[in-house]
Amino acid sequence: MRCSLAGISYALLACSTTLAAPGWSHRWKRSKGLNDYAKKAGLLYFGTAADIPSSGENTDVAYQRILNNTHEFGQVTPANAMKWDATEPQQGDFTFGAAEQFLGFPTSNHQLVRCHNLVWHSQLPSWVTSGTWTNATLQAVLKSHITTLVQHFGTRCYAWDVLNEALNDNGTLRQDVWLNTIGPAYIPLVFQFAEEALKGVKGGRRIKFYYNDYGIENPGPKSAAALELVKGVKDRGIKIDGVGLQSHFIVGGTPSRETQVQNLQSFTAAGFDVALTELDVRFSNVSDLSVGGGLEQQSQDYENSVAACVDVKRCVGVTVWDFDDKYSWIPGTFPGQGFGDIWWANLTMKPAYDGVVAALTERD
Ligand SMILES: *[C@@H]1O[C@H](CO)[C@@H](O)[C@H](O)[C@H]1NC(C)=O
Ligand SMILES: *[C@@H]1O[C@H](CO)[C@@H](O)[C@H](O)[C@H]1NC(C)=O
Ligand SMILES: *[C@@H]1O[C@H](CO)[C@@H](O)[C@H](O)[C@H]1NC(C)=O
Ligand SMILES: *[C@@H]1O[C@H](CO)[C@@H](O)[C@H](O)[C@H]1NC(C)=O
Ligand SMILES: *[C@@H]1O[C@H](CO)[C@@H](O)[C@H](O)[C@H]1NC(C)=O
């Protein structure tokens, strides 16, 4: 049941009856939020990325009131603070100030943290990308970075994205410094290094290890390759727990609920947990929101995606890649596109917020 103040036209009668119904009070009193509904629907959390401390979020009190509200968010992901360029800007010189500032938020607010990420082709400092490496010296670099981060953050990480975006859209392995130097063997190795690091972490076995990628939300060559990748690690007896589906979608181009369910089940059937880790649904033309179907379609796309997670037993949670348009990564990466989040930049909720609530409360 949905009744939005933000402008989707529903019958007035339907709205006034639903107003009296339980579950609708959140529109008025905000006594419940997305994380409350997610837990009730059987998920572990509803979460968001946050770019603290490197963006304006760091001093934005109105933003932080929502971020800190565990009724809305039971999990947070550092958008940048744990990436390689932030944590090992010079070889062997580990800097955790930004990450610790970030972690102050979830620690005081009792939110789970999906730590992000250990190995990626992007946001690498130049000493990594322009270094002269042999197979052995680059493996030593990986081992040192992974061991140091896993042991430093310990069980403050509910999960780690151990490996991020190793695949091309056609399912082949991405050419980057890791593949070009170590070959495909780097993939099981990075998970092995992460597992070995847990020997130095009390209770560390409970930290979940993920492979995280985009464009794997539809059945197809990339999703199939991701499945082969994670199976290849698991078949070697190395710890890997789940697959993160980033889920950066476009209004009107989002895979259907059934398609997403079928795709998620291909991973869970092979023994992996799954999570939607970076969900947003952007408009392809910010000057014309009717392209793709408008706010109502965006709401439906959010609803379908979150409902697919609820439908799949081992889908543990959903994370949006920041919750309001003010701090969205989209316009900077896809010029002319945007408005992909569930709150407008002025922190009023979009119909998409109601789409998420609808997905999470369908079975109430
Ligand atoms: C959010 O929580 C952090 C960590 O406790 C705190 O420093 C910050 O002041 C809080 N922000 C607001 C607006 O309550
Ligand atoms: C797959 O995609 C990559 C990256 O775009 C490209 O370099 C490669 O040639 C493609 N391979 C095949 C078999 O199409
Ligand atoms: C790099 O070393 C690993 C063993 O540590 C090996 O499996 C892999 O094939 C080597 N890669 C290359 C490109 O020789
Ligand atoms: C976006 O929409 C505006 C307004 O309708 C239009 O003028 C413009 O050409 C569109 N841009 C693209 C890239 O389609
Ligand atoms: C917030 O921003 C949206 C989009 O620009 C606008 O439609 C809405 O009226 C604004 N709400 C308030 C309370 O300013």
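Everything discussed here concerns the structure shown above.
Here's what I pulled together on the structure shown here.

A word on the overall build of the protein chain
At step 1: Counting secondary structure elements, the protein chain contains 15 helices and nine strands.
At step 2: Expected size for 364 residues packed as a compact globule is a radius of gyration near 21 Å; at 20 Å, the protein chain falls within 12% of this value.
At step 3: In terms of overall dimensions, the protein chain has a C-alpha envelope of 70 × 40 × 40 Å along the principal axes.
At step 4: Counting only carbon and sulfur atoms, one obtains 53% of the accessible surface of the protein chain, whose full area is about 14300 Å².
At step 5: For the protein chain, the distance from the average position of its 30 positive side-chain charges to the average position of its 36 negative side-chain charges is 8 Å.

A short note on the pattern of salt bridges
At step 1: Tallied over the entire structure, the rule returns 15 salt bridges.
At step 2: Across the salt bridge formed by Asp311 and Arg363, the nearest N and O atoms sit 2.6 Å from each other. Remark: Arg363 occurs in the segment after helix 15 (351-361) and Asp311 occurs in helix 13 (residues 294-311); sequence separation between them is 52 residues.
At step 3: Judged by relative accessible area, Arg363 falls into the exposed class, the value being 56%.
At step 4: Several salt bridges converge on common partners, so that one network encompasses Arg257, Asp311, Glu362 and Arg363.

Digging into helix 6 (residues 97-109)
At step 1: The terminal C-alpha atoms of helix 6 lie 19 Å apart, and with 13 residues this matches the ideal 18 Å at 1.5 Å per residue to within 8%.
At step 2: For helix 6, the complete set of buried residues consists of Ala99, Phe102, Leu103, Phe105, Pro106 and Asn109.
At step 3: The secondary structure elements touched by the buried residues of helix 6 are strand 1 (45-50), helix 4 (61-67), strand 2 (75-78), strand 3 (112-119) and helix 8 (135-153).
At step 4: In the segment just after helix 6, His110 is the residue with positive phi, at about 55 degrees.

Some remarks on the packing of helix 13 against helix 15
Any two packed helices are characterised by how steeply their axes cross, that is the angle between the axes, and by the distance between the axes.
At step 1: The interhelical angle for the contact between helix 13 and helix 15, taken along N-to-C directions, is 30 degrees, at an axis separation of 7 Å. The orientation of helix 13 relative to helix 15 falls into the category roughly parallel. Both helix 13 and helix 15 take part in a crossing whose hand is right-handed. In this structure, helix 13 uses Leu295, Gln298, Ser299, Tyr302, Glu303, Val306, Ala307 and Val310 to contact helix 15, whose residues at the interface are Pro351, Ala352, Gly355, Val356, Ala358, Ala359 and Leu360.

Brief notes about the pairing of strand 8 (residues 273-282)
At step 1: The buried fraction of strand 8 amounts to 10 of the 10 residues, a majority that puts the element mostly inside the structure.
At step 2: Relative to strand 8, strand 6 (residues 242-245) is paired through four bridges, and the arrangement is parallel. By the bridge assignment for strand 8, Gly244 is matched with Ala275.
At step 3: Here strand 7 (residues 248-250) runs beside strand 8; their pairing, made up of three bridges, is parallel. Residue pairing in the sheet places Phe249 in a bridge with Val281 of strand 8.
At step 4: The sheet contact formed by strand 8 and strand 9 (residues 315-320) spans three bridges and is parallel. In the sheet register, Leu276 faces strand 9, and the bridge partner there is Val318.
At step 5: Crossover handedness for the path strand 8 to helix 13 to strand 9: right-handed.

Thoughts on the nonpolar core
At step 1: Counting residues in hydrophobic clusters, the biggest one holds 100 residues, and the most contacted among them are Phe46, Trp160, Trp178, Tyr186, Phe191 and Tyr211.
At step 2: Looking at this core, the element that brings in the most residues is helix 10 (residues 186-197), giving eight residues.
At step 3: In this structure Tyr211 touches Leu163, Glu165, Ala166, Leu167, Phe191, Ala226, Leu229, Val230, Ile240, Gly242, Val243 and Gly244, once residues within four positions along its chain are discounted.
At step 4: If you look at the next biggest cluster of nonpolar residues, it comprises six residues, including Tyr45, Tyr158, Ala275 and Val316.

Some details on the site of ligand 5
At step 1: By nearness alone, every residue bordering ligand 5 is listed as Trp344, Asn346 and Thr348.
At step 2: The contact in question runs from an oxygen atom of ligand 5 to an N or O atom on the side chain of Asn346, over 2.3 Å.
At step 3: Within the complex, the protein chains bury 34% of what would otherwise be the 360 Å² of accessible surface of ligand 5.

Topic: the environment of Val281
At step 1: Secondary-structure assignment places Val281 in strand 8.
At step 2: By relative accessible area, which is 0% here, Val281 ends up buried.
At step 3: Spatially, the C-alpha atoms of Val281 and Phe249 are 4.5 Å apart, while their sequence positions differ by 32 residues.
At step 4: Setting aside its immediate chain neighbours within four residues, Val281 contacts Phe249, Ile250, Val251, Thr254, Gln298, Asp301, Tyr302, Phe339 and Gly340.

Rules used in this analysis
- Residues numbered from 1 in each chain as written.
- Chains lettered and ligands numbered in written order.
- Predicted model: local features only at pLDDT ≥ 70, side-chain atom pairs only at ≥ 80, totals over all residues.
- Heavy atoms only, no water.
- Helix = DSSP H or I, 4+ residues; strand = E, 2+ residues; numbered from the N terminus.
- Rg over C-alpha atoms; globule rule 2.2 N^0.38 Å.
- Areas by Shrake-Rupley, 256 points an atom, 1.4 Å probe, with all protein chains shown as cover.
- Lys, Arg positive; Asp, Glu negative; His and termini not counted.
- Charge placed at Lys NZ, Arg CZ, Asp CG, Glu CD.
- Salt bridge = Lys/Arg side-chain N within 4 Å of Asp/Glu carboxyl O.
- Buried < 20%, exposed > 50% of the residue type's maximum accessible area, 1.4 Å probe, protein only.
- Expected span 1.5 Å × (residues − 1).
- Contact = heavy atoms within 4.5 Å.
- Axes fitted to C-alpha atoms, helices over the stretch in contact; angles between N-to-C directions.
- Parallel < 35°, antiparallel > 145°, perpendicular 65-115°, else oblique.
- Left-handed = near helix turned anticlockwise from the far one by under 90°.
- Pairing = 2+ DSSP bridges.
- Right-handed = clockwise from strand over helix to strand, strands pointing away.
- Core = buried A, V, L, I, M, F, W, Y, C linked by side-chain atoms within 4.5 Å.
- Near = heavy atom within 4 Å.
- Polar contact = N/O pair within 3.5 Å; in protein donor to acceptor, adjacent residues only side chain to side chain.

Taken by themselves, the reported measurements are silent on function.
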